[in-house]
Amino acid sequence: EVFTALADLEDLLNTEAVLIHSLENYIRAEEVKIDLLKSYADIYNKQHNKATEDVESYVANPLNAYTLVKRMTTDWQEVESLILTDVSKDYMANITYAKENMKFPTDEDLNGAAAAVIRLQDTYRLDTASLARGELNGVKYSSELTAADCFELGRQSYNNGDFYHTLLWMREADDRLNREYNKTVEKSEILEYLAFSSYKEGNINLALDLTNKLLEMVPTHARALGNKAYYEEEIQRGSYKKKGDDETDDVVENEGVNILRFDPDRERYEALCRGELKLPEDAAAKLKCRYETNNNPYLRIGPFKIEQAHANPDLFIFHDVMSDEEIKTIKSLATPKFRRATVQNSVTGQLEVAQYRISKSAWLEDFEHEHVAAVNRRVEDMTGLTVSTAEQLQVVNYGIGGHYEPHFDFSRKDEKNSFKSLGTGNRIATVLFYMSDVEQGGATVFPVIGAALWPKKGTAAFWYNLFPSGDGDRLTRHAACPVLAGSKWDLRPLLTLYGTLLVEEWRSSWTDQKNHHYCFPVSSLSVSLVNVELPANQ
Ligand SMILES: O=C(O)CCC(=O)C(=O)O
Ligand SMILES: [Fe+2]
């Protein structure tokens, strides 16, 4: 499928260019055909008119008699065969070629792309009308949606059994349709979806009203007639129970799956994604930053600029640790290798695709380019951990609404096959390079501790997943928020080997970080390192 990564959507534009070109060629071929037919008609008309001016003398002329007969036999056959000539063949051949040899979206892609819009709408609390105007959080990015575009979002929600969003999008489709000069969808179709979803959402009277409205437009509509009778009967019997009447808690049964209506963990996660939860001021004021060489004299990029984004557990941001050239190389090496990212099923141990992780990823090895090797070396310099047993470098690209729901990067003891294929131990630490700025959304958030890291091109996030004892730190639970606008590129080596825990050393010589933003002023040449005593970790 193609909706999972923006890199693939760029390929779709190439396919679309071929489609448009073929369509234009086809239209031209049809026009040539019509022009030819018009010129035949013209000639026939002229000769016919001439003949009717004086019928008798016209037919008395043997040449005229001959041409009249010829016109209506061989000439006319030519016209007929021209009419029957199928100029669509070339067009269809081009389309078939494009479908077989170029990236082409499927129905599954449409469903995925629609689900992504709905996910963004929920996570970022976007109102339907603004979204339909092409606005994301007040910023206008794209052209407006037509009534038919909104209708399709409603239809996709309906197919997913999501009647709440069906109603939102069908109402929007109806609003837009009323204002549309060239109508893009039938009102009766909208009414049918609105009626049935209203019933499903517990409003049977509205469902009946809407069905009656539909029947005014299409009196013979068979399904509507059936539904009307059913709704009327239910209302009369008074047996219809409003949704929610008999629900005592927040759990609803949906196709056998318990869905938590109100999930505090989820609320926190989404609030962090929206940037609504900030670290308490006193906690933020205690955060530090520092220049660090980790005693490595060969650091060609100069000392690392390390910013502490959270304490206990420590989260760090390394500034300017990847150059634009390296990023360019790594993106172009990864793009042809992209596959939908998989997750390990904790019960079966199998790798599988899942809705909760939507992105494309590819793996790179040192020999593929010096820039890959350079980044791997830099990870060792940054962390003091060795990457020799790290998995390869993983490049990840998140597309429309691409996200990774809250998870741990370490594996729990009860999980099957964890890291078996790697022949290594558990993941000590996570390093996550951001290879792009993200216009909106796409933060890395830690719902348990209430921290959010915002992607910035060339920076890297770093934290330990394990305590020195080897036990996992459950406070490191984190997620990649859905990308709202832009494209998000990550690069992550997964560190699995033991190394010196540098953080303790860093802690002994922190620089006071009075204000996050001015921690590393762009033009500062000399920075005094102030040693501050810090309480020991845990
Ligand atoms: O991309 C992010 O912000 C987080 C990604 C992540 O958690 C992971 O890849 O394990
Ligand atoms: Fe992760």
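Note that the coordinates shown come from a computational prediction; the quantities given were computed from them, not determined experimentally.

Q: Explain the coordination of the iron ion (ligand 2) to me, using residue names and the numbers behind them.
A: Taken together, His407 (NE2), Asp409 (OD) and His478 (NE2) make up the protein donors of the iron ion (ligand 2), found 2.1 to 2.2 Å from the metal. Spacing between the donor residues of the iron ion (ligand 2) along the chain follows H-x1-D-x68-H. Of this pair, His407 sits in strand β14 (residues 403–407) while His478 sits in strand β20 (residues 478–480); the two residues are 71 residues apart in sequence, bridging distant segments of the chain.

Q: Now, about the pairing of strand β6 (residues 304–310): what can you tell me, with residues and values included?
A: A large share of β6 lies buried, amounting to six of its seven residues. Relative to β6, strand β5 (residues 288–292) is paired through four bridges, and the arrangement is antiparallel. When the sheet's bridge partners are listed, Arg290 is paired in β6 with Ile306. In the sheet, β6 pairs with strand β7 (residues 315–319) via five bridges, with the strands oriented antiparallel.

Q: Kindly report on the state of the cysteines, identifying the contributing residues and their values.
A: Tallied over the entire structure, the rule returns one disulfide. Here Cys273 connects covalently by a disulfide to Cys481, the sulfurs 2.0 Å from one another. Looking down the S-S bond of the Cys273 and Cys481 bridge, the torsion is -85 degrees, so its handedness is left-handed. Taken as a pair, Cys273 in helix α12 (residues 264–273) and Cys481 in the loop between β20 and β21 (483–485) lie far apart in primary sequence, 208 residues in all. What makes Cys273 buried here is its relative accessible area of 2%.

Q: I'd love a proper account of the site of ligand 1, names of residues and values included.
A: Tyr398, Tyr404, His407, Asp409, Leu432, Thr444, His478, Ala480, Lys488, Asp490 and Arg492 make up every residue found near ligand 1. Asp409 has a polar side-chain atom sitting 3.1 Å from an oxygen atom of ligand 1. Thr444 places a side-chain nitrogen or oxygen 2.4 Å from an oxygen atom of ligand 1. Within the complex, 99% of the 290 Å² of free accessible area of ligand 1 lies under protein. If you list the elements that add at least two residues to the shell around ligand 1, you get β14, β20 and β22 (488–492).

Q: Talk me through the environment of Arg171; I want residue IDs and the actual numbers.
A: By secondary structure assignment, the location of Arg171 is in helix α8 (residues 163–179). On the accessibility criterion, Arg171 (42% relative accessible area) is partly exposed. Separated by 24 residues in the primary sequence, Arg171 and Ala147 have C-alpha atoms spaced 9.7 Å apart.

Q: If you had to explain the packing of aromatic side chains to someone new, which residues and values would you point to?
A: With the rule as written, the count across this model stands at 18 aromatic pairs. Where Tyr158 meets Tyr193, the ring centres are 5.0 Å apart and the plane angle is 90 degrees; that geometry is what we call edge-to-face. With a gap of 35 residues between them, Tyr158 in helix α7 (residues 147–159) and Tyr193 in helix α9 (residues 187–200) connect regions that are remote in the sequence. Given a relative accessible area of 24%, Tyr158 falls into the partly exposed group. Three or more aromatic residues link up through ring pairs in this structure, and these residues are Phe151, Tyr158, Phe163, Tyr193, Phe196, Tyr199, Tyr230 and Tyr231. Stacked on the ring of Phe408, the Lys or Arg Arg477 has its end atom at 5.2 Å from the ring centre. In this arrangement the basic side chain of Lys488 is found over the ring face of Tyr398, its NZ or CZ atom lying 4.9 Å from the centre.

Reading the values: the criteria
- Residues numbered from 1 in each chain as written.
- Chains lettered and ligands numbered in written order.
- Predicted model: local features only at pLDDT ≥ 70, side-chain atom pairs only at ≥ 80, totals over all residues.
- Heavy atoms only, no water.
- Donors = N, O, S within 2.8 Å, 3.2 Å for Na, K, Ca; no water.
- Helix = DSSP H or I, 4+ residues; strand = E, 2+ residues; numbered from the N terminus.
- Buried < 20%, exposed > 50% of the residue type's maximum accessible area, 1.4 Å probe, protein only.
- Pairing = 2+ DSSP bridges.
- Disulfide = S-S within 2.5 Å.
- Near = heavy atom within 4 Å.
- Polar contact = N/O pair within 3.5 Å; in protein donor to acceptor, adjacent residues only side chain to side chain.
- Areas by Shrake-Rupley, 256 points an atom, 1.4 Å probe, with all protein chains shown as cover.
- Phe/Tyr/Trp six-rings, centres within 6.5 Å; stacked < 30°, edge-to-face > 60°.
- Lys NZ or Arg CZ within 6 Å of the ring centre and 35° of its normal.

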